[in-house]
Amino acid sequence: MSNNILNVTDSNFEDEVLKSEQPVVLDFWAEWCGPCKNIAPILDELASEYKNKLIIAKINIDENQKTPATYGVKGIPTLIFFKGGEVIATNFGQATKSQLEAFFDANI
């Protein structure tokens, strides 16, 4: 995982995501998920490009089951955009860099 991507767990979710001063895009993923692996390098790149605008974070759903259950995550990858502790938008499935940029820009 890149230095620009924040690793979130069930135990630090509230502090890192809900109480964040900046908007947070949380990627729900798993090691075995092919589409998750496909968007990982794109998210790494975007984390650098959007560094001062938002935080990109990842939570492994196999190691952390409380948070995905709380937000009704049924499939991965799922990206949930949080702003001020509230869910603003959700993106399901694999996406291109331009689709993710549009998703980010529409919700910042």
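For the structure, see preceding data.
The present account deals with the structure reproduced in this document. Small disclaimer: the values here were computed from a predicted structure and weren't measured. Per chain, the residues get numbers from 1 upward, laid out in the order the sequence is written. Reporting in this predicted model follows two pLDDT cut-offs: at least 70 for local features of residues, and 80 or more for side-chain atom pairs to be given and counted; totals over whole chains, interfaces and linings ignore these cut-offs and use all residues. Each side-chain value is derived from all of the structure's non-hydrogen atoms; neither hydrogens nor water enter the calculation.

Here we look at the pairing of strand S3 (residues 55–60)
Exposure classes here rest on a 1.4 Å probe applied to the protein chains alone. A residue is buried below 20% of its type maximum, exposed above 50%, and partly exposed in between. Secondary structure counts use DSSP, requiring at least four H or I residues in a row for a helix and at least two E residues in a row for a strand, with both numbered from the N terminus. Burial analysis of S3 places five of its six residues in the buried class, the great majority of the element. The pairing criterion is simple: DSSP has to find at least two bridges between the two strands. Across six bridges, the pairing between strand S2 (residues 24–29) and S3 is parallel. For Leu 26, the partnering residue across the bridge sits in S3 and is Ala 57. With helix H2 (residues 34–49) bridging S2 and the parallel S3, this β-α-β connection has right-handed handedness. A clockwise path from the first strand over the helix to the second, with the strands pointing away from the viewer, defines a right-handed crossover.

Section: the pattern of salt bridges
Here, a salt bridge means any side-chain nitrogen of Lys or Arg that lies within 4 Å of a carboxyl oxygen of Asp or Glu. Under the definition given, this model contains five salt bridges. Between Lys 19 and Asp 15 there is a salt bridge, and its shortest N-O distance comes to 3.6 Å. Asp 15 carries the same exposure label as Lys 19, and that label is exposed. Through salt bridges with shared partners, one network takes in Glu 14, Asp 15 and Lys 19.

What about the state of the cysteines?
Two cysteine sulfurs form a disulfide in these notes if their separation is within 2.5 Å. The full count for this structure, using the stated rule, is one disulfide. Two residues, Cys 33 and Cys 36, share a disulfide whose sulfurs are 2.3 Å apart. Since a negative S-S torsion denotes a left-handed disulfide, the Cys 33-Cys 36 link at about 80° is right-handed. Judged by its relative accessible area of 3%, Cys 33 falls in the buried class. Taking the relative accessible area as the measure of exposure, Cys 36 reaches 3% and is therefore buried.

Remarks on the packing of aromatic side chains
Stacked, tilted and edge-to-face are the three classes applied to pairs of Phe, Tyr and Trp rings, where Trp contributes its six-membered ring and a pair requires centres within 6.5 Å; stacked means planes under 30 degrees apart, edge-to-face means over 60, and tilted covers the rest. Tallied over the full model, the rule gives six aromatic pairs. Ring geometry for Tyr 71 against Phe 82: centres 5.2 Å apart, planes inclined by 90°, an arrangement best described as edge-to-face. With Tyr 71 in the loop between helix H3 (66–70) and strand S4 (78–83) and Phe 82 in strand S4, this pair connects stretches of sequence that are 11 residues apart. A relative accessible area of 27% places Tyr 71 in the partly exposed class. For Phe 82, a relative accessible area of 1% puts it in the buried group. Within the aromatic cluster, the residues linked to one another by ring pairs are Tyr 50, Phe 81, Phe 103 and Phe 104. Should the NZ of a Lys or the CZ of an Arg lie within 6 Å of a ring centre and within 35 degrees of the ring normal, that charge is described as sitting over the ring. Here the basic side chain of Lys 53 rests over the ring of Tyr 50, its NZ or CZ set 5.5 Å away from the ring centre. Note that Lys 58 overlies the ring of Trp 29, its terminal NZ or CZ placed 5.3 Å from the centroid.

Some thoughts on the sheet that holds strand S1 (residues 5–7)
Overall, mixed pairing links the five strands, which are arranged S1-S3-S2-S4-S5 in an open sheet. The sheet terminates laterally at S1 and strand S5 (86–92), the two strands that pair on one side only. Strand after strand, the sheet turns through a mean of 25° between neighbouring axes, direction not considered. With six bridges connecting them, S4 and S5 associate as antiparallel partners. For helices, the axis comes from a line fit to the C-alpha atoms of the stretch in contact; other axes are also lines fit to C-alpha atoms, and the angle between any two N-to-C directions lies between 0 and 180 degrees.

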